[in-house]
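# Chain and residue survey
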Amino acid sequence: MRPSALLSCRAESWWRRQPLTLGPTRAEAGGVAELADGRIESVGESRMRFVCIVGGIEVVPQATIRDEQGTFVARVDFLVRGTNVVLEFDGRVKYADATGRALWDEKRREDRLRALGYVVVRVIWTDLADPMALVARIREAMVCGTGSQPAPARATPARGTFTQPEKVSPDPR
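Below is a summary of the structure that appears in this document. Each residue is numbered by its place in its chain's sequence as written, counting from 1. Residues qualify for local features only when their pLDDT is at least 70, as the model is predicted, and side-chain atom pairs are given and counted only at 80 or more; totals for whole chains, interfaces and linings, by contrast, use all residues. In computing side-chain values, all of the structure's heavy atoms are included and hydrogens and water are not.

What follows is about the packing of aromatic side chains. Here a Phe, Tyr or Trp ring, Trp counted by its six-membered ring, pairs with any other such ring whose centre lies within 6.5 Å, and the pair is stacked when the planes are under 30 degrees apart, edge-to-face when over 60, and tilted otherwise. Going through the model one piece at a time under the given rule, you end up with 1 aromatic pair. Look at phenylalanine 89 and tryptophan 125: their rings are 5.0 Å apart centre to centre, the planes differ by 80°, and that puts the pair in the edge-to-face class. Linking phenylalanine 89 in strand 3 (residues 85-89) with tryptophan 125 in helix 5 (residues 125-128), this pair joins segments that are 36 residues apart in sequence. Only DSSP runs of H or I covering at least 4 residues are called helices, and only runs of E covering at least 2 are called strands; the numbering of each starts at the N terminus.

Written out as structure tokens, the structure reads:
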């Protein structure tokens, strides 16, 4: 028997032993709906947000950062609430252009954020494979970025300001 056929037989056997249900329970569906957020723009961001939620780190998705004069600096994937810590998920597609322009633009954007006092934590796919290490890295940035401990939830981040976008309901499609 081919290995793939054996795996298929095992999967079918496992499936037949599972209790018959008509879908998720109301509590399970409610929990999933609570996690949905239309501001999340990619699978990587969604997974990073889930790691943060489980790790007890409250994040604001798609926060707009402005300098002291109100000039737009960046819209970041996440801002850790009450701190000056920015979380950015980096997939490879964004940096795939042959000219290197996207990478250069991203570097300049990050330089402007750092000049305003923000601490930028970059996350890639392999970081999501070890959620505990990622949470530890974010917490370390929270300590480094705010002095000796994370800032209280009401603190104004860094020297610029940020705008929290309205929560968007998930697309019902």
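Like charges are joined within 9 Å and nonpolar side chains (Val, Leu, Ile, Met, Phe, Trp, Tyr) within 5 Å, but only among residues with over 30% relative accessible area and no salt bridge; these make up the patches. Methods summary: accessible areas were calculated by the Shrake-Rupley approach with a probe of 1.4 Å, and residue burial reflects only the protein chains presented. Any Lys or Arg side-chain nitrogen located within 4 Å of an Asp or Glu carboxyl oxygen qualifies as a salt bridge. A grouping of Phe50, Ile53 and Val54 is seen on the molecular surface, where their side chains present a nonpolar patch of about 290 Å² in accessible area. Take phenylalanine 50: it is sitting in helix 3 (residues 43-54).

Next up on the list: the side chain of aspartate 90. For aspartate 90, the position within the fold is in the loop between strand 3 and helix 4 (101-115). For aspartate 90, the side chain forms a polar contact with the side chain of arginine 122, separated by 2.8 Å. Polar contacts here mean pairs of N or O atoms no more than 3.5 Å apart (in protein, one a potential hydrogen donor and the other a potential acceptor; neighbouring residues in sequence count only if both atoms are side-chain atoms).

That is the geometry; function is a separate question.
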